[in-house]
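Chains, contacts and geometry: an overview
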Amino acid sequence: MQKKVFIIGNGFDLAHDLKTSYADLLNYHSDRVFSEVNQNGYYEDSFFKVEFEYPLNSGFYQHSRIQQYMTSQGFIEFMSIAEKMSNVSFTKKNDFYFLIRQRFLEANWVDIECLYFEELKNHLHNPAKAKKLNSEFAQIQNLLSDYLCSLNYHANEIVDFHSIFQHDSTLGISSDQSSRMFLNFNYTNTINQYLKDNVRTKELIHIHGELKSEENPIIFGFGDEHSEDYKLFENSNNSEFLRFIKYPRYTLTNNYRKLELFLAQTSGYEVSIIGHSCGLSDRTILRRVLDNDKCTQIRIYPYKDGDNYLQVVTELTRHFRDKTDYLRKTIPYDSKTLCPQFKTK
């Protein structure tokens, strides 16, 4: 019997009605800012400082354009207007934070880890700017960790996932404790509710760490040591360029070794991808698992339709050196094989 690897991404948490996207993070921070400014006319953190002459709820600004932008979507416009007002003190502290905001405004979506790598490449010949970027990125990581820790992780169990994890009717594979591995890319433990306590240590790898864990700290950054840009960083002889590259951080725990041991002990395995976009920021791990002679088939559970499936497989192709190998392994789109979603009553 072939073994089974389940690759779990953020879409798995979103399917359980958890607000864990980068958009949710930005909305969370916006709400915190607006609440403070509305009540006190003042807000300051690692990213910026803004101080109005009066609280926004005082009525002093009721005829000002600024009121209409007091929403998460209007955050950039809000700050732009506040910055130009004569009776407002505004100071930016984190340029990368505002770049994230701008990209989100332009596309209503942002991949923070990929954006970080883009910016790092721009500073290849300026170590001082790279150091500043890393400091700002660390502040973003702290904000993300604080936000995720603040969420209420209610157990919205989805019955259909039990069927997926225990038996794949299309491939005819039954899973037992010795034949499957859950490779969780999330910092959360949503997957735990589908595994018995006595098998989690054998079957589950939190490859990027866990919230509030000193033994398994979160790994946040970019993971593609196969790119030509990474080689330039290595040859720069400046470790600042490698500070938030995931590859060296995998040796902080035994997670990667645990994955290698699982792969070594099987003659073949099939992969199911649930909620992972397969972007380049995780190429280190994805290529090791997918572009591997022992990987025989890859099944994708898209969010809702063929368009989402196509987005994932387009990213998936980047992890294969031999594109025909990708075509041979990847199971074609099936509208009946979608990622189950929690339905509110």
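Here, every reference points to the structure presented above.
With that settled, the discussion passes to the packing of helix α2 (residues 22-40) against helix α6 (residues 127-150). The geometry of α2 relative to α6 is characterised by a closest axis approach of 10 Å and an angle of 90° between their N-to-C directions. Relative to α6, the element α2 is oriented roughly perpendicular. Contact residues: Tyr22, Asp24, Leu25, Tyr28, His29 and Arg32 in α2; Leu143, Leu144, Tyr147 and Ser150 in α6. Here the contact of α2 with α6 is composed, by residue class, of six nonpolar, two polar and two charged.

Attention now moves to empty space enclosed by the protein. It is the rolling of a water-molecule-sized probe over the atoms that shows where space remains empty. Summed over the entire model, instances satisfying the criterion amount to two cavities of 30 Å³ or more. Within this model, the largest cavity holds a volume of roughly 50 Å³. Forming the walls of the largest cavity are Ser72, Gln73, Phe75, Ile76, Arg101, Phe104 and Leu105. Elements that contribute at least two residues to the lining of the largest cavity include exactly α3 (75-84) and α4 (95-107). No other element matches α4, which puts three residues into the lining of the largest cavity.

Our next topic: the side chain of Glu113. Take Glu113: it is sitting in helix α5 (residues 112-122). Only 3.1 Å separates the side chain of Glu113 from the backbone nitrogen of Gly221, close enough to count as a polar contact. Among all residues touching Glu113, those that are not within four sequence positions of it are Tyr22, Tyr187, Ile219, Phe220, Gly221, Phe222, Lys246 and Ser281.

One pass over the full model with this rule turns up 31 aromatic pairs. Summarising the aromatic geometry, the rings of Tyr43 and Phe48 are spaced 5.7 Å apart at their centres and angled 40° between planes, so their arrangement reads as tilted. Both residues of the pair, Tyr43 and Phe48, count as buried. Measuring from ring centre to ring centre gives 5.6 Å for Phe233 and Phe241, while their planes differ by 10°; the resulting arrangement is stacked. Given a relative accessible area of 1%, Phe233 falls into the buried group. Take Phe241: its relative accessible area is 1%, and that puts it in the buried class.

Moving on, we come to the environment of Gln311. Examined against the element boundaries, Gln311 turns out to sit in helix α13 (residues 306-316). In sequence terms Gln311 and Ser277 are 34 residues apart; their C-alpha atoms lie 7.7 Å from each other.

Turning next to helix α12 (residues 283-290). Of all eight residues in α12, seven are buried; the element is thus mostly enclosed. Listing the buried residues of α12 in full gives Arg283, Thr284, Ile285, Leu286, Arg287, Val289 and Leu290.

This next bit is on the sheet that holds strand β1 (residues 3-8). As summarised here, the arrangement of the five strands in space is β8-β7-β1-β9-β10, forming an open sheet in which the pairing is parallel. Strands at the two margins of the open sheet, each flanked by one partner only, are β8 (204-206) and β10 (295-301). In this sheet, adjacent strand axes meet at a mean angle of 15° when their direction is disregarded. Of the strand pairs in this sheet, β1 and strand β9 (residues 269-274) are connected by six bridges, and their pairing is parallel. Bridging from a neighbouring strand, Lys3 pairs with Tyr269 of β9. Across the sheet, helix α11 (residues 255-264) is in contact with β1, β7 (180-184), β8 and β9; its angle to β8 comes to roughly 145°.

Rules behind the numbers
- Residues numbered from 1 in each chain as written.
- Predicted model: local features only at pLDDT ≥ 70, side-chain atom pairs only at ≥ 80, totals over all residues.
- Heavy atoms only, no water.
- Axes fitted to C-alpha atoms, helices over the stretch in contact; angles between N-to-C directions.
- Helix = DSSP H or I, 4+ residues; strand = E, 2+ residues; numbered from the N terminus.
- Parallel < 35°, antiparallel > 145°, perpendicular 65-115°, else oblique.
- Contact = heavy atoms within 4.5 Å.
- Nonpolar A, V, L, I, M, F, W, Y, C, P; charged D, E, K, R; others polar.
- 1 Å grid on protein atoms, 1.4 Å probe; cavity = no way out; pocket = protein on both sides within 12 Å on 5 of 7 lines; lining within 4 Å.
- Points joined across faces, edges and corners; volume = space filled by probe spheres on them.
- Polar contact = N/O pair within 3.5 Å; in protein donor to acceptor, adjacent residues only side chain to side chain.
- Phe/Tyr/Trp six-rings, centres within 6.5 Å; stacked < 30°, edge-to-face > 60°.
- Buried < 20%, exposed > 50% of the residue type's maximum accessible area, 1.4 Å probe, protein only.
- Pairing = 2+ DSSP bridges.

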